[in-house]
Amino acid sequence: MASNATAGHKCPSPMKPTSNGVFQGDNPLDFSLPLIILQICLVLVLTRALAFPLRRLLRQPRVIAEIIGGILLGPSALGRSEKFLHAVFPPESLPVLDTLANIGLIYFLFLVGLELDFKSISQTGRKALAIAIAGISVPFIMGIGSSFILRSTISKGVNGTSFLLFMGVALSITAFPVLARILAELKLLTTDVGRMAMSAAAVNDVVAWILLALAIALSGSNQSPITSLWVLLCGCGFVISTTFIVPPIFKLITRRCHEGEPVEETYVCATLAAVLVAGLITDAIGIHAMFGAFVIGVLVPKEGPFAGALVEKVEDLVSGLFLPLYFVSSGLKTNIATISGLQSWGLLALVIFTACFGKIVGTFLVSLACKLPLRESLAMGFLMNTKGLVELIVLNIGKDKKVLNDQTFAIMVLMALFTTFITTPLVMAVYKPARKSRTADYKHRTIERKNSNTQLRILACFHSIRNIPSTINLLEASRGVQKAEGLCVYAMHLMELSERSSAIRMVNKARKNGLPTWNKSQRSDSNNVIVAFEAFRQLSQVTVRAMTAISSMSNIHEDICTTAESKIAAIVILPFHKHQRLDGSLETTRIDFRWVNQRVLEHASCSVGILVDRGLGGTSHVPASDVSYQITVLFFGGPDDREALAYGARMAEHPGISLMVVRFLVAPDIQGEITQVNMEGFSKIELKSRDEEFLSEFKRETSKDGSVKYEERAIENAAEARDVIREVGHCNLLLVGRMPEGEIAIALNIRNDCPELGPVGSLLASSDFSTTASVLVIKQYNSQVSLDLAVLTDGQESKDSESN
């Protein structure tokens, strides 16, 4: 630093690591450790605050928020204040910040290499290869063309060859990690378009890194071509030697790591150290430390649990803590104020147009030539135009190598931000994969049906291990052991899509038709919950197929509804958004799950049940021989209650289950006085006749079954109905309809805190109602009735969010 200081200026002295504290007169911000802690906290708060609305409202990846956050902290916004800049980001603190940021970058590129699978790249079809070539060559040529204009205006005096290469690479690169997250967010990762885009982007990435290595080699301060040649030869030698030396070592480690067992710490530490050593070698060669890390990541075998364990060990610390520092480091170099005047803004428009035109049009035309449909071709063009973090890496290297000046750097950063920002909305506008309709084959959308001997298909969803025991015990009770075709269960683990690489890896293993991941013979550490359902399948001889749905909470209901329809499920069972505490009360886990349940109720094409779990069967799976449950059905009337009773009748066939059906009737002498029922648009006689017909059939079929009891209770008022419910509520499971019909049910609907549970379900789930019984609230599918839960709950949504 002293060599760069001009005469009359004193170079800032290096900062000491720790202070003695404010009580001894030290300012903590004058020391590197407390200052870097403040910088990290500030970065995390700002980027996460920006990421939340951008993802929820605009479905943008977190990289957009991190780029914007870095720019805001730099001289373009907050950094315009000299006091702020010198207090929070003083010049003497930047080496520490840049060092941490580059360590994060090294391990991030290692994770990127782990996501790239050369086997899948080698199997890339001709279409994806042609798209990749077009996606590189056309924007690369146009980038070189625009670089001549920039060199003649705002980038005079730079190394011509290096500048041409950097501009070509910057405009032709596709950010493979960011593209994967956008595709996963839009549920396109497992579609034909998504898989083709990922294959093309992987090829694009490899070629772009090679071109970037060439650009770095040619941009050294020593202008001798012999030096650049030595850098290239040594770089090639490093890649060749590691290709022969490293894979056998990692294959040996992978063979020593077994599914379901923890990976030894020695292997993880050795791999992380190897990443640093590879970075040291490539940095000594003169390329960049990140290239060594990237090569090691590519060479790690993708089969087995070792790669997944590495991702889980590294990704949260790197992506969540260190990597945002790289955006700040980039933002401190970005000064949008340098883009001033008509010429600068015109050049920005030129660069954006060149980048978008080359990528989108080039990819679009080649896709059409490969006989892709028009919309898919457009989507491919927009997807391949994704930039993001990888673009910033290229630009920062160019800035550090003095190839890009401040104005050119700012223009290119804004171009990367714009092109990534428009990807999601443009793809959503032009492309939505068509779903295969199986309406003709979808006959049994409810449990109530004419032929009760047909197979019952259940889609059982769960959020965490806490939901599993009661869900399995409920399924055990649902077996219907006398049924000819039995029970088929689809167990779906609902997981929120995050920015983590492991989530993308799981989504990327999904089936080709775009449905959630199937976990068949392989059991990864992240899916140990599936083991419980495998055990249930073997012990109960029930057809169980486990899967994982990974989506954002705002649209995970689409996965549930689509899967239910494709698998011809008769009912979807969802866990309630509250769980039981040790004192017996219910507390909210996450309010997001409540909105998921409401959207499924609104959009599902079959019946839906919400399980209020109070420990049905305890904390473990109860074998069939040990099942001893008392189940009570509360019947008021209407299709939902008939569905609940139909489910109860099936459960009653289990030898360990006793069923009690309690029908609520209005006392004859006060009929019509409990409440005024508005039956406009419905035939009261018709509804009552359906109930009577169904009950008559039920009583006829169960007349000789000693485990089934049926009784009727005449009720005079709502208070008496609550007393009866308390009286019969001492059981293991209560089955109720979501929207029961009749005067009594409406009278109970005075205070409804949970509209998704209906009046009776809300009463049974309230803190005022003391019971140890779990509750299953059921809504019967009715194609003729449109349920608009949004209208029912909009007025209460904000109030519920605060109270819960």
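Predicted model, so just to flag it, every value in this text is computed and none were measured. (Residues numbered from 1 in each chain as written. Predicted model: local features only at pLDDT ≥ 70, side-chain atom pairs only at ≥ 80, totals over all residues. Heavy atoms only, no water.)

What follows deals with the overall build of the chain. For the chain, the helix and strand inventory stands at 28 helices and 13 strands. Residues counted as buried form 55% of the 804 residues belonging to the chain. When contacts within the chain are restricted to residue pairs at least 6 apart in sequence, those whose partners lie at least 24 apart make up 80%. With an accessible surface of roughly 35300 Å², the chain has 58% of that area assigned to carbon and sulfur atoms. (Helix = DSSP H or I, 4+ residues; strand = E, 2+ residues; numbered from the N terminus. Buried < 20%, exposed > 50% of the residue type's maximum accessible area, 1.4 Å probe, protein only. Contact = heavy atoms within 4.5 Å. Areas by Shrake-Rupley, 256 points an atom, 1.4 Å probe, with all protein chains shown as cover.)

Considering the arrangement of structural elements, one finds Ala644 in helix H23 (residues 639-651). Remark: the alpha-carbon pair of Ala644 and Leu776, spanning 132 residues in sequence, is separated by 8.4 Å.

Turning our attention to the pairing of strand S4 (residues 543-551). Taking burial as the measure, the 9 residues of S4 include 7 buried ones, the bulk of the element. As defined by bridge partners, strand S2 (residues 487-496) adjoins S4 across 9 bridges and the pair is classed as parallel. Note on S4: the bridge partner recorded for Ala491 is Ala546. (Pairing = 2+ DSSP bridges.)

This part is about the packing of helix H9 (residues 192-218) against helix H15 (residues 374-384). For the pair H9 and H15, the least separation of the axes is 10 Å and the interaxial angle reads 40°. The handedness of the crossing between H9 and H15 comes out as right-handed. Together, Val193, Met196, Ala197, Ala200, Ala201 and Asn204 of H9 and Glu376, Ala379, Met380, Leu383 and Met384 of H15 make up the contact between the two elements. Split by residue class, the contact of H9 with H15 holds 9 nonpolar, 1 polar and 1 charged. (Axes fitted to C-alpha atoms, helices over the stretch in contact; angles between N-to-C directions. Left-handed = near helix turned anticlockwise from the far one by under 90°. Nonpolar A, V, L, I, M, F, W, Y, C, P; charged D, E, K, R; others polar.)

Below, the discussion takes up the packing of aromatic side chains. Scanning all chains against the criterion turns up 6 aromatic pairs. When the centroid spacing of 6.3 Å and the interplanar angle of 65° are considered together, the rings of Phe84 and Phe89 count as edge-to-face. Here Phe636 and Phe664 contribute two aromatic rings whose centre-to-centre distance is 4.4 Å and whose plane-to-plane angle is 5°, an arrangement assigned as stacked. Of this pair, Phe636 sits in the loop between strand S9 (629-635) and H23 while Phe664 is found in strand S10 (residues 657-666), placing the two residues 28 residues apart along the sequence. The residues Phe636 and Phe664 share a single accessibility class, namely buried. Ring-pair connections join several aromatic residues into one group, and the members of that group are Trp209, Phe291 and Phe294. Above the ring of Phe409, the side-chain terminus of Lys399 is found at 6.0 Å from the ring centroid. Arg590 extends its terminal NZ or CZ atom over the ring of Phe593, reaching a point 5.5 Å from the ring centre. (Phe/Tyr/Trp six-rings, centres within 6.5 Å; stacked < 30°, edge-to-face > 60°. Lys NZ or Arg CZ within 6 Å of the ring centre and 35° of its normal.)

Attention shifts here to the pattern of salt bridges. In a structure, side chains of opposite charge can pair up when their charged atoms sit close to one another. Enumeration according to the criterion identifies 20 salt bridges in this entry. One salt bridge in this structure joins Lys333 and Asp400, with 3.2 Å as the shortest N-O distance. Taken together, the positions of Lys333 in the loop between helix H13 (305-332) and helix H14 (341-369) and Asp400 in helix H16 (residues 389-400) put the pair 67 residues apart, joining distant regions of the chain. Look at Lys333 and you get partly exposed, because its relative accessible area is 22%. Across the pair Arg479 and Glu476 runs a salt bridge whose closest N-O atoms are separated by 3.0 Å. Here Arg479 falls in the buried class, since its relative accessible area comes to 16%. Here Glu476 falls in the buried class, since its relative accessible area comes to 1%. In this structure, a network of salt bridges that share partners links the residues Arg56, Glu496, Arg590 and Asp592. (Salt bridge = Lys/Arg side-chain N within 4 Å of Asp/Glu carboxyl O.)

Below, the discussion takes up the pairing of strand S1 (residues 456-462). Across the 7 residues of S1, 6 count as buried, placing the element largely inside the fold. Here S1 runs beside S2; their pairing, made up of 7 bridges, is parallel. Opposite Arg457, over in S2, you have Cys488 as the bridge partner. Two elements, S1 and strand S5 (residues 571-575), share 3 bridges in a ladder whose sense is parallel. Of the residues in S5, the one forming a bridge with Ala460 is Ile573.

Okay, the environment of Pro247 next. Relative to the helices and strands, Pro247 is located in helix H10 (residues 225-256). Distance in space between the C-alpha atoms of Pro247 and Val298 is 9.7 Å, their sequence separation being 51 residues. Discounting chain neighbours no more than four positions away, the residues touching Pro247 are Thr242 and Leu299.

Turning to the nonpolar core, a few remarks are in order. Counting 144 residues, the largest nonpolar core has Trp209, Leu212, Met290, Phe306 and Ile393 as its most contacted members. When residues in this core are grouped by element, the largest group, 17 residues, is from H9. When sequence neighbours within four positions are dropped, the list of residues in contact with Phe306 reads Phe250, Ile253, Thr254, Cys257, Val263, Tyr267, Thr271 and Val300. Counting 56 residues, the second largest nonpolar core, distinct from the first, contains Cys488, Ala569, Val572 and Ala745. (Core = buried A, V, L, I, M, F, W, Y, C linked by side-chain atoms within 4.5 Å.)

Bringing a nonpolar patch on the surface into the picture now. Taken together, the side chains of Ile226, Leu229, Trp230 and Leu233 make up a nonpolar region of the molecular surface, amounting to roughly 450 Å² of accessible area. Mapped onto the elements of the fold, Leu233 is located in helix H10. (Patch = residues over 30% accessible without salt bridge, like charges linked within 9 Å, V, L, I, M, F, W, Y side chains within 5 Å.)

Below, the discussion takes up the confidence of the model for the chain. In the predicted model, the chain carries a mean pLDDT of 83, and 85% of its residues have values of at least 70. Across residues 510-526 the pLDDT falls below 50, and counting only partners more than four positions away or on other chains, this stretch makes 45 contacts in the model. Every residue in residues 785-804 scores below 50 in pLDDT, and together they form 26 contacts with partners more than four places removed in sequence or on other chains. (pLDDT = per-residue confidence, 0-100.)

What follows deals with unusual backbone geometry. Negative phi characterises most residues that are not glycine, and trans characterises most peptide bonds. You will see that Lys402, though not glycine, has its phi angle at about 65°, which is positive. Secondary-structure assignment places Lys402 in the loop between H16 and helix H17 (406-430). Of note, the phi angle at Ile568 is positive, near 55°, even though the residue is not glycine. Structurally, Ile568 is set in the loop between helix H21 (556-566) and S5.

Right, let's get into H23. A rise of 1.5 Å per residue sets the reference length of H23, with its 13 residues, at 18 Å; its end C-alpha atoms lie 18 Å apart and thus fit the reference within 8%. For H23, a buried count of 12 out of 13 residues is recorded, marking the element as mostly surrounded by other parts of the structure. (Expected span 1.5 Å × (residues − 1).)

Attention now moves to the packing of H10 against helix H12 (residues 289-299). At a minimum axis separation of 9 Å, H10 and H12 run at an interaxial angle of 40°. The angle between H10 and H12 places the two elements in the oblique class. The handedness of the crossing between H10 and H12 comes out as right-handed. Residues Phe238, Val239, Thr242, Thr243, Val246, Pro247 and Phe250 of H10 form the contact with H12, whose participating residues are Gly292, Val295, Ile296 and Leu299. Class assignment for the residues of the contact of H10 with H12 results in 8 nonpolar, 3 polar and no charged. (Parallel < 35°, antiparallel > 145°, perpendicular 65-115°, else oblique.)

With that settled, consider the environment of Ala649. Along the chain, Ala649 falls in helix H23. Classification of Ala649 by relative accessible area gives partly exposed; the value is 24%. Residues Ala649 and Val661, spaced 12 residues apart in sequence, show a C-alpha to C-alpha distance of 9.5 Å. If we ignore the near neighbours within four places in the chain, the residues touching Ala649 are Leu659 and Phe698.

Compared with an ideal rise of 1.5 Å per residue, which puts 27 residues at 39 Å, helix H1 (residues 32-58) spans 37 Å between its outermost C-alpha atoms and is within 8% of the ideal. Ser32, Leu35, Ile36, Gln39, Ile40, Val43, Thr47, Ala51 and Leu54 are the residues of H1 that are buried. Contacts made by the buried residues of H1 are with helix H2 (62-73), helix H3 (82-88), helix H4 (94-115), H13 and H17. After H1 finishes, the residue Arg59 shows a positive phi value of roughly 55°.

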